[in-house]
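# Observations on the three-dimensional arrangement
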Amino acid sequence: MDGFFLKKVISFFIEPYGLIFLFFVFGIYLLLKNKNYYAKLSLLVAFFLYLLFAYPIFSNFLVTNLENQYPKYNYLHNIKYIHILGAGHTDDPKQPLSSKLSSDGIKRIIEGILIYKQIPNSKIILTSYYKYKMLNYPVNVKLAIALGVDKDDIIIGVKQQDTGDEADFTKSIVGNEEFVLVTSALHMPRAMMLFKSRGLNPIPAPTDFKKTLYYDYFYIFDLDSIKQSSRAVHEYMGILWTKMRG
Amino acid sequence: MIGFYLKNLIAFFIQPFGLIITSFVLGLYFLYKKDKNVLAKVFLSLSFFLLFIFSYPPFANLLVLPLENLYSKYDEKKTIKYIHVLGGGFNADLSQPISSNLMESSMRRVVEGVILQKQIPNSKIIFTGYNGCKNIAGSVMSSKLAIALGVKETDMIISTKEKDTKEEAEFTKSILSDGENFILVTSASHIHRAMLLFKSVGLNPILAPTDFRRYIVKSYIRMPNVESLRISQIAMHEYIGILWVKLKS
């Protein structure tokens, strides 16, 4: 638990938003201590980082580098298994199914369902992590069923904490046979690395793209761009981490 | 067009992100002026305080709760003919699959509409929304996803002219017979304002909110993050919008 929290804290401070925070708070501390020279320096760095990461052209550059590695699925293969990687969800009973999965989660499952509907006799593998024992189907399974997927066509895994676990689960089902892998475009390069390193043969079907075709040059400070930059930097670090561990 | 830019510009400056940026820039400016050190401290501290509070998840949640708690999910078993799914953001990038062309909120609205259409026999979905500056209308993009998910083309009504919620309400009014019930699908934070606008043209929708941003707070030890800042931004946008609707009526 402590290790997990520590990892979160450290990654917070080396990702764009945290870096800006760090220089900002440090600058104000120095300013209040009347160390004006260093305060200016720190605040300018914070401001510069802000400008950089919130600028659509820069965030788009960070994102497209990762997202353009694998093009969208061509819907022509005739493949039996479609593995949709898991994402977050909420248990809030007041929300409908369409609202319970996280933003990346719902896009992934919709893409997987669209592919499933085009391939006769295909099966969907849904992996995610549930802390507690469930009395009912997981949210992603319920959503797939509500959208017309036959429940006998769904293979459910509920104990996969990360992409590595998800790869192990699918390996136990498909072995080295080809299958479709659905995940967010930003996450695809790392997911492909992890799956291939275990001897699996995924055909990528990326969705949930963050890149934008049209950006408004007028928008210098764009909130969505900071989010894109953060996600991209998070992925770059994840890829580095995966490579370091071999 | 200028009016549109002006409205966006003003909106930018009175919303959290704009406030944070403005006070930051002012603070930096005063920092480089002689004898303005106190003002610099005030504005920079204010900027940091706003940045922290609006990106702190439990606070963003607090802002969005009053909007989202007004109505809960559609849970009735009525026979209703029309389901109106309000339009939202999208992109027309052909290198992306359809599941990625719709922005998060539009995607959830379409999915909610499709689920309800499948549950209610003989119902039809109404998609509205214009093309912005793209070569395809939002309503058409939404209908593509609905078709791919198995909704028949004959079970959809598509209109491509509506620029805002008011115009969407007027379109649906033109389709319904007098006093006919219908379901309105939109984002939870937007649904109260949408309902005010639909009522202003004399309609009485049954609400089906989706795309909730609230969460169940389990711990107050949370790092600030961009997503929460965006939720604060959405909430403030809605409060200003509701105020605007009330002022106009």
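Basis of the calculations
Residues numbered from 1 in each chain as written. Chains lettered and ligands numbered in written order. Predicted model: local features only at pLDDT ≥ 70, side-chain atom pairs only at ≥ 80, totals over all residues. Heavy atoms only, no water. Helix = DSSP H or I, 4+ residues; strand = E, 2+ residues; numbered from the N terminus. Buried < 20%, exposed > 50% of the residue type's maximum accessible area, 1.4 Å probe, protein only. Contact = heavy atoms within 4.5 Å. Areas by Shrake-Rupley, 256 points an atom, 1.4 Å probe, with all protein chains shown as cover. Lys, Arg positive; Asp, Glu negative; His and termini not counted. Charge placed at Lys NZ, Arg CZ, Asp CG, Glu CD. Axes fitted to C-alpha atoms, helices over the stretch in contact; angles between N-to-C directions. Parallel < 35°, antiparallel > 145°, perpendicular 65-115°, else oblique. Left-handed = near helix turned anticlockwise from the far one by under 90°. Nonpolar A, V, L, I, M, F, W, Y, C, P; charged D, E, K, R; others polar. Buried area = accessible area lost by both parts, 1.4 Å probe. Salt bridge = Lys/Arg side-chain N within 4 Å of Asp/Glu carboxyl O. Polar contact = N/O pair within 3.5 Å; in protein donor to acceptor, adjacent residues only side chain to side chain. Phe/Tyr/Trp six-rings, centres within 6.5 Å; stacked < 30°, edge-to-face > 60°. Lys NZ or Arg CZ within 6 Å of the ring centre and 35° of its normal. Core = buried A, V, L, I, M, F, W, Y, C linked by side-chain atoms within 4.5 Å. Pairing = 2+ DSSP bridges. Right-handed = clockwise from strand over helix to strand, strands pointing away.

## Some points on the overall build of chain A
Helix and strand counts for chain A come out as 10 helices and 5 strands. Overall, chain A is about 70 × 40 × 40 Å in size when its C-alpha atoms are taken along their principal axes. Taking all 246 residues of chain A together, the buried fraction comes to 51%. Across chain A, every contact between residues at least 6 apart in sequence was considered, and the portion connecting residues at least 24 apart equals 73%. With an accessible surface of roughly 12000 Å², chain A has 60% of that area assigned to carbon and sulfur atoms. If you average the places of the 28 positive and of the 21 negative side-chain charges in chain A, the two averages end up 4 Å apart.

## Here's the deal with the packing of helix H6 (residues 104–119) of chain B against helix H7 (residues 138–148) of chain B
Residue and element names in this part refer to chain B. Between H6 and H7, whose axes approach to 10 Å, the crossing angle comes to 45°. Taken together, the axes of H6 and H7 lie oblique to each other. Regarding H6 and H7, the two cross each other, and that crossing is right-handed. Between H6 and H7, the contacting residues are Met 107, Val 110 and Val 114 on the first element and Ser 142, Leu 145 and Ala 146 on the second. Class assignment for the residues of the contact of H6 with H7 results in 5 nonpolar, 1 polar and no charged.

## Section: the environment of Tyr220(B)
Residues and elements named next belong to chain B. Considering the arrangement of structural elements, one finds Tyr 220 in the loop between strand E5 (206–210) and helix H10 (226–248). Overall, the relative accessible area of 59% leaves Tyr 220 in the exposed class. Between the alpha carbons of Tyr 220 and Tyr 56 there is a distance of 9.2 Å; along the sequence they are 164 residues apart. When sequence neighbours within four positions are dropped, the list of residues in contact with Tyr 220 reads Tyr 56 and Pro 58.

## Description of the interface of chain B and chain A
Of the residues lining the interface, 61 residues belong to chain B; the matching set on chain A comes to 60 residues. Between chain B and chain A, the buried area comes to about 5500 Å², and carbon and sulfur atoms account for 69% of it. Applying the counting rule to chain B against chain A returns 3 salt bridges. Across the pair Asp224(A) and Arg230(B) runs a salt bridge whose closest N-O atoms are separated by 3.3 Å. Joining chain B to chain A, the criterion identifies 21 residue pairs in polar contact (both at pLDDT 80 or more).

## Details of the packing of aromatic side chains
In total, this model carries 18 aromatic pairs over all chains according to the counting rule given. Measuring from centroid to centroid gives 5.2 Å for Tyr37(A) and Tyr38(A), while their planes differ by 80°, and the two rings are edge-to-face. Judged by relative accessible area, Tyr37(A) falls into the exposed class, the value being 59%. Taken together, the ring pairs connect Tyr17(A), Phe21(A), Phe24(A), Phe47(A), Tyr50(A), Phe17(B), Phe24(B), Phe48(B), Phe52(B) and Tyr56(B) into an aromatic cluster. The ring of Tyr32(B) is capped by Lys40(A), whose NZ or CZ atom sits 4.6 Å from the centre of that ring. A cation over a ring is seen here: Lys134(B) above Phe90(B), with NZ or CZ 4.4 Å from the ring centre.

## With respect to the nonpolar core
Generally speaking, soluble globular proteins have nonpolar side chains that are buried together. Among the nonpolar cores identified, the biggest contains 55 residues, and Ile109(A), Ile110(A), Leu147(A), Leu145(B) and Ile183(B) are the most heavily contacted of them. In terms of residue count, the dominant contributor to this core is helix H6 (residues 103–118) of chain A (7 residues). Sequence-distant contacts of Leu145(B), that is, excluding residues within four places in its chain, are made with Ile110(A), Leu114(A), Ile98(B), Leu102(B), Met107(B) and Val110(B). Core analysis: the next-biggest nonpolar cluster, separate from the first, contains 49 residues, Phe53(A), Phe221(A), Val233(A) and Phe54(B) among them.

## A few points about the sheet that holds strand E4 (residues 178–184) of chain A
Residues and elements named next belong to chain A. Taken in spatial order, the 5 strands line up as E3-E2-E1-E4-E5 in an open sheet, and their pairing is parallel. A single partner strand is all that each edge strand has here, and the edge strands are strand E3 (154–157) and strand E5 (201–207). Between one strand axis and the next, the sheet turns through 25° on average, direction left out of account. Sheet analysis places strand E2 (residues 123–127) next to E3, joined by 4 bridges and oriented parallel.

## A few points about the pairing of strand E4 (residues 182–187) of chain B
Residues and elements named next belong to chain B. The buried fraction of E4 amounts to 6 of the 6 residues, a majority that puts the element mostly inside the structure. Taken together, the 4 bridges between strand E1 (residues 82–85) and E4 define a ladder with parallel strand orientation. Across the sheet, Tyr 82 pairs through a bridge with Phe 182, a residue of E4. Both E4 and E5 contribute to a ladder of 5 bridges, which runs parallel. For Leu 184, the partnering residue across the bridge sits in E5 and is Leu 207. Regarding topology, helix H9 (residues 188–200) serves as the crossover connection from E4 to the parallel E5, and that connection is right-handed.

## Details of the sheet that holds E4(B)
Residues and elements named next belong to chain B. Read across the sheet, 5 strands follow the order E3-E2-E1-E4-E5 without closing on themselves; strand pairing throughout is parallel. For this open sheet the edge positions go to strand E3 (156–159) and E5, each flanked by a neighbour on one side alone. In this sheet, neighbouring strand axes are inclined to one another by 20° on average, regardless of whether the strands run parallel or antiparallel. Sheet strands in contact with H7 are strand E2 (124–128) and E3, and its direction is about 160° off that of E3. Packing against the sheet, H9 makes contact with E1, E4 and E5, and its axis sits at approximately 135° to E4.

## Notes on the pattern of salt bridges
Residue and element names in this part refer to chain B. Summed over the entire model, instances satisfying the criterion amount to 16 salt bridges over all chains. Two residues, Glu 227 and Arg 213, come together in a salt bridge whose shortest N-O distance is 3.9 Å. Of the two residues, Glu 227 sits in helix H10 while Arg 213 sits in the loop between E5 and H10, which places them 14 residues apart along the sequence. Taking the relative accessible area as the measure of exposure, Arg 213 reaches 11% and is therefore buried.

## With respect to the environment of Glu153(B)
Checked against the element boundaries, Glu153(B) lands in the loop between H7 and E3. Here the alpha-carbon distance between Glu153(B) and Ser143(B), two residues 10 residues apart in the chain, equals 8.3 Å.

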